[in-house]
Amino acid sequence: MTTRTAGGEPRIGVRTYTDVDLALDRVETRTQETPQFCAGAAAAYQWAMSRTERSPITGADASGTPDLPTLTAEVDAALVQLGDPAIPEGSHEYVRGAHQALAWICGQRDQAA
C-alpha cells in the first residue's frame, strides 16, 4: 500500500518514491562497498518500489507496493540472518545491504544504503 505526501507524491515506507529511486541509482554506481552489498541494497529498493515480485530476504510474494509493516518484517528477517554466525560472507554482505536499504526506507536509519 502506497501512501502519499501532502503534495501527492507516493511514499514507500517513510520515504518518497523519488527518494527511493534516487537511492537505487546511487547504489548501482557505488564502488566503496562490495558487489554483494550493492546487490542486496538494489534488490531491496527494487522490491520496495514493486519492480520485483519477491522480497529480497524472505522471498515472500508481494502484490503491489509493500506497506510499512511488510517492509519492517523484512528488516526483522534480515536482522535474524545477520545474527547467524554460519552465514557465508557473500550472503552476509547481500543481507547487510538489503537490511540497510530497508531500514532506511522504514525510517530506522538516516542514511540510505
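Predicted model only: the values in this text are computed from it and were never measured.

Draft legend 1. Spatial organisation of the nonpolar core. The biggest cluster of nonpolar side chains holds 29 residues, and the ones touching the most others in it are Ile12, Val20, Val27, Tyr45, Leu71, Leu102 and Ile105. Top element by residues in this core is helix α2 (residues 35-48). It accounts for eight residues. Those residues in contact with isoleucine 105 that lie beyond four places of it in its chain are Ile12, Gly13, Val14, Arg15, Val20, Tyr45, Ala48 and Leu71.

Draft legend 2. Seen up close, unusual backbone geometry. At serine 50, a residue that is not glycine, the phi angle is positive and equals roughly 65°. As for its position among the elements, serine 50 is in the loop between α2 and α3 (68-82). A relative accessible area of 34% means that serine 50 is categorised as partly exposed.

Draft legend 3. Representation of the side chain of glutamate 93. If you trace the backbone, glutamate 93 turns up in helix α4 (residues 89-105). In terms of polar contacts, glutamate 93 uses its side chain to reach the side chain of threonine 34, at 3.3 Å. Other than its neighbours up to four places away in sequence, glutamate 93 contacts Thr34, Gln36 and Phe37.

Draft legend 4. Structural view of the packing of aromatic side chains. Applying the stated criterion across every chain yields a total of one aromatic pair. With centroids separated by 6.1 Å and ring planes inclined at 90°, the aromatic side chains of tyrosine 45 and tryptophan 104 adopt a geometry described as edge-to-face. Separated by 59 residues along the polypeptide, tyrosine 45 in helix α2 and tryptophan 104 in helix α4 bring together distant segments of the chain.

Draft legend 5. Molecular detail of the pattern of salt bridges. Applying the stated rule across the entire model yields four salt bridges. We note a salt bridge from arginine 51 to aspartate 21, for which the minimum N-O separation is 2.9 Å. Of this pair, arginine 51 sits in the loop between α2 and α3 while aspartate 21 is found in helix α1 (residues 17-27), placing the two residues 30 residues apart along the sequence. For arginine 51, a relative accessible area of 43% gives the class partly exposed.

Draft legend 6. Summary view of the side chain of glutamate 74. Position of glutamate 74 among the secondary structure elements: in helix α3. For the buried residue glutamate 74, which engages in no salt bridge, the nearest side chain bearing the opposite charge is arginine 54, 10 Å off. Excluding its chain neighbours within four sequence positions, the residues that come into contact with glutamate 74 are Trp47, Ser55, Pro56, Ile57, Thr58, Gly59 and Leu102.

Reading the values: the criteria
- For every chain, the first residue of the written sequence is number 1, and numbering continues from 1 along that sequence.
- Totals for whole chains, interfaces and linings use all residues, but because this is a predicted model, local features are given only for residues with pLDDT of at least 70 and pairs of side-chain atoms are given and counted only at 80 or more.
- No hydrogens and no water enter the side-chain calculation; it runs on all heavy atoms of the structure.
- Joining through side-chain atoms within 4.5 Å is the link that ties buried Ala, Val, Leu, Ile, Met, Phe, Trp, Tyr and Cys residues into a set, and such a set is a nonpolar core.
- When accessible area is computed with a 1.4 Å probe and restricted to protein chains, residues below 20% of their type maximum are described as buried, those above 50% as exposed, and intermediate ones as partly exposed.
- Secondary structure elements are taken from DSSP: a helix is a run of H or I of four residues or more, a strand is a run of E of two residues or more, and numbering for both begins at the N terminus.
- Contacts: residue pairs with any heavy atoms within 4.5 Å of one another.
- Here a polar contact is taken to be a pair of N or O atoms separated by no more than 3.5 Å, where protein atoms must pair a possible hydrogen donor with a possible acceptor and residues adjacent in sequence count only if both atoms sit in side chains.
- Pairing of aromatic side chains here covers Phe, Tyr and the six-membered ring of Trp, requires ring centres within 6.5 Å, and sorts the geometry by plane angle: under 30 degrees stacked, over 60 edge-to-face, intermediate tilted.
- One side-chain nitrogen of Lys or Arg within 4 Å of one carboxyl oxygen of Asp or Glu is enough to make a salt bridge.
- For the charge count, each Lys or Arg is scored as positive and each Asp or Glu as negative, with His and the chain ends excluded.

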